[in-house]
Amino acid sequence: MAKKWVYLFTEGNADMRELLGGKGANLAEMTNIGLPVPQGFTITTEACTQYYEDGRKINDEIMAQAMEGVAKMEEINGKKFGDQKNPLLVSVRSGARASMPGMMDTILNLGLNDDVVAAMIAGNSDPAFERFVYDSYRRFIQMFSDVVMEVGKKYFEQLIDQMKEKKGVEFDVDLTAADLKELAEQFKAEYKKQLGKDFPSDPVEQLKLAIEAVFRSWDNPRANVYRRDNDIPYSWGTAVNVMPMVFGNLNNESGTGVAFTRDPATGEKKLMGEFLKNAQGEDVVAGVRTPMPIAQMEQEFPEAYEEFIKVCDTLENHYHDMQDMEFTVENKKLYMLQCRNGKRTAQAALKIACDLVDEGHKTEAEAVAMIDPRNLDTLLHPQFDADAIKAAKPLGKGLGASPGAAAGKVVFTADDAVDWAKRGEKVVLVRLETSPEDITGMKSAEGILTVRGGMTSHAAVVARGMGECCVSGCGDIIMDEENKKFTLAGKTFREGDTISIDGTTGNIYEGIIPTVDAKIAGEFGKIMAWADKYRRLKVRTNADTPADAKKARELGAEGIGLCRTEHMFFAEDRIAAFREMICADTAEAREKALDKILPYQQSDFEQLFEALEGYPVTIRFLDPPLHEFVPHEEAEQKKLAKALGKSLDDIKAIVEGLKEFNPMMGHRGCRLAVTYPEIAVMQTKAVIRAAINVQKKHSGWNVVPEIMIPLVCEVKELKFVKDIVVETADAEIEAAGSSLKYEVGTMIEIPRAALTADEIAKEADFFCFGTNDLTQMTFGFSRDDSAKFLGSYYDTKILENDPFAKLDQNGVGKLMEMSIKLGKPVNPSLHVGICGEHGGDPTSAEFCHRIGLDYVSCSPFRVPVARLAAAQAAITDQKADKKITVEDIQEKIKDVTEKAAKVAKDVARTGKDVAKAGLAGAKAGLKEAKKAYNENKSK
């Protein structure tokens, strides 16, 4: 049996979204519930996939079924495709299974040509009808040329503008039939000029080309970007919906509109939307004319408006969610062209979800499941004023590395950022790339913009931790740090010039765009409380300072999953001692320098333990290579030489000796503790002493520090460092007369560690996946440089997402799963978490839930995102594992019994009829037998 590629609207339903796309499934569903939908058909998403497999061609079987669909559509609508007397004109629209508004293509009025136009006009002498026909024709030529044949619409817009200027009118609607006829001829001439061939007149050819164009639009640049941003796989494809045209531009008793059953900005329960008389749908969204508020439609078309209000109620009660609808009124009759669950702001999403529970439309679990976790970012960070950002044009684009909006004066160094901020100036720190020593300047700035670096670069990670806006990896910037200037899109910016950056989109703007402060609505707490009811996965935070930890606790963090101790060394009062340690010639000299740092580390840890109030705190020992801590500018090197009583040449030699060809795989992590055990000793003392002091002050708390050894690749390596930690910790605990408990675990961030997790688990109390480095080492991509080439990987479909932003479940994920499966049997009490930036990504958090992690850890402002994503993962699991209840069985028995009774009744009725017929036949037979008997008897 041939594969079915085409479904009439009467053959589908809302559950067929994967096959029919969202639009096609909803058109079928609206048909099923009796709403006024022009009857057409849907070409499936599978046909789109086949189109690409066949080398971007529609095969004969798909096209044949499409033409069968046209024939059935002709029969239903009483019109003929391409017929001159009673032509069927159609629209061809995209429709992926996930809503992608404006990302793909639509063609209206298809089926028109010179002959059809002439025949339509000949059959109706009304001058207004002639105008309508030519208006539809010029629209079709323009749309077909732009969307299908990729002739830029600017050429046609210029011709329209010239015609309006020539006729002295402001709007398209003021052009006459003769003007539009002339425009149609000009459009066809422009088409031929651009493509060297005549505009196609065969409606079947038009249709095939239009279907191909919609399939092709699945792979257009804007659709690809939208899919990456919204986790929509390329493999899904789009469906194509072909339906009869209804004409909002027919006359002044016609029109078109878009509406929402609730306010998509605030969530308020009231009808919102716009309507235009004598127009087609593109006019509403294109802003060619100013539409009227939807409420005004009641005065213009009272009957259609009354029906539309009923349709709105029907749809919201049917889908149990806020609906976004497109409709057309033709000669005062309403037609529904689309419905979908409407896009909404984060604030509106929370309010609508809570209201739907109060109204009985949703359960708490369903309300939690319907909110996109990524949208919560906008509640927690400043955003640009909506009107101002619409009017602004981006100069360039980088990676949206840390959400929010920032505007200020450009500065090029961390010191300048601090100094300018002290004067009350708002600044944006622009750097080639940031390093740990820039931390004070990063804190002082409103936002950070870097030329290099990806989603897990230093700038991105630190900015997310601070909740600060950051755009990284804008390779189009030509940087001149020495002269404190940069060039972007031909515009040169110097120190003090103003820019605005959007950390969500990555866009960069000239000048100051006003921002609005983040607002956490009252419904936020309610939704988060519901989410916490359902989730199994704990959510911790990555925090290095008490302020970060406090903010994370406010947002619901249940511990610290990663404290990066190296960030504590860069304060002015500590960096000198740490540099002294690095430059020391003997272990004794190193210990002496480390003794100066110990009180600072201990104080830092005490503040963290206090902020967490007995919740777990995981402290990662020193990780970065030492070259990051030494000065690289001669003036700073001279200061260090003087302070340490060394020559400048000695310091330069030390700095040069610390340089590595590949520092991310060099002398760092646990390798530092192997080479310099005194570093691990000092950090252990600081952690244990801090924990003992805080536990003494708060007897009701259970302070159990978790010491994490980074970058382990061999169990003997872990054991070596662990032995140092245990010996030091036990001595401190004994000396204090304490009964403090502590744990020693490791980060799994090297593939070999994952492969030998069964050995490592024998020495570890916990695993924590450092997925930034694990991704880097699994792919062999530098996380700071990969942004330079990943764009090509997206274009060629080698990758669909940045693996540093979205966890690679096929590769890195397998290593994680393998680690758990190897480690848990060896050490059943092993607890496992993730502390890479992936912990705050919703799809990555769902994966972590699925493979059995105990917690995810992410930057403070991503904690609510992770809480919601973890709850949604658990709710999805519950749906999949839902047990059949007694009530379910009783309901099923009742249903089956009723059906059986009906069948029995039908059979009985049929049996009775058969019996009657049999009796009549028997009587007739008996009569004939008697007759034959009498005849034989007489013979």
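Refer to the structure presented above.
If you're wondering where the values come from, they're calculated on a predicted model, not measured in any experiment.

S.K.: Help me understand the nonpolar core in this model?
M.R.: The nonpolar side chains of soluble globular proteins are, as a tendency, buried together. F605, F609, I709, M816 and L853 are the most contacted members of the largest nonpolar core, which has 131 residues in total. Among residues more than four places away in sequence, those in contact with M816 are F769, T771, L774, L807, I834, F847, C848, I851 and L853. Residues C48, M63, V214 and F215 belong to the second largest nonpolar core, which totals 70 residues.

S.K.: In this structure, what is going on with the sheet that holds strand β5 (residues 238-244)? I would like to understand it.
M.R.: Strand pairing in a sheet relies on backbone hydrogen bonds, with the paired strands running either antiparallel or parallel. Strand order in this open sheet of five strands is β1-β2-β5-β3-β4, and the pairing throughout is antiparallel. Bordering the open sheet on either side are β1 (6-8) and β4 (106-110), each of which pairs with just one other strand. Across the sheet, the mean angle from the axis of one strand to that of its neighbour is 20°, orientation sign disregarded. The sheet contact formed by β1 and strand β2 (residues 41-43) spans three bridges and is antiparallel. Pairing of Y7 across the sheet is with T42, part of β2. Sheet strands touched by helix α3 (residues 60-77): β1, β2, β3 (90-96) and β5. Its angle to β2, the strand with the most contacts, is close to 170°. The strands touched by helix α8 (residues 203-217) are β2, β3, β4 and β5; relative to β5, the strand with the most contacts, the crossing angle is about 145°.

S.K.: I tried to follow the packing of helix α21 (residues 546-554) against helix α23 (residues 587-612) on my own but got confused; where do I start?
M.R.: A pair of packed helices can be characterised by two numbers: the angle between their axes and the separation between those axes. One way to put it is that α21 packs onto α23 with a least axis distance of 9 Å and a crossing angle of 10°. The pairing of α21 with α23 is recorded here as roughly parallel in orientation. The residues of α23 that touch α21, namely those facing P546, A549 and R553, are Q607, L608, A611 and L612. Here the residues of the contact of α21 with α23 are counted per class, giving five nonpolar, one polar and one charged.

S.K.: Can you walk me through the sheet that holds strand β19 (residues 485-488) in this structure?
M.R.: Overall, antiparallel pairing links the three strands, which are arranged β18-β19-β20 in an open sheet. Each having just a single partner strand, β18 (478-480) and β20 (491-494) make up the two edges of the open sheet. Averaged over neighbouring strand pairs, the angle between their axes works out to 15° when direction is ignored. Examined bridge by bridge, β18 and β19 share three bridges and lie antiparallel to one another. Bridge pairing in β19 links M479 to F486.

Procedures and definitions
Residues numbered from 1 in each chain as written. Predicted model: local features only at pLDDT ≥ 70, side-chain atom pairs only at ≥ 80, totals over all residues. Heavy atoms only, no water. Core = buried A, V, L, I, M, F, W, Y, C linked by side-chain atoms within 4.5 Å. Buried < 20%, exposed > 50% of the residue type's maximum accessible area, 1.4 Å probe, protein only. Contact = heavy atoms within 4.5 Å. Pairing = 2+ DSSP bridges. Helix = DSSP H or I, 4+ residues; strand = E, 2+ residues; numbered from the N terminus. Axes fitted to C-alpha atoms, helices over the stretch in contact; angles between N-to-C directions. Parallel < 35°, antiparallel > 145°, perpendicular 65-115°, else oblique. Nonpolar A, V, L, I, M, F, W, Y, C, P; charged D, E, K, R; others polar.

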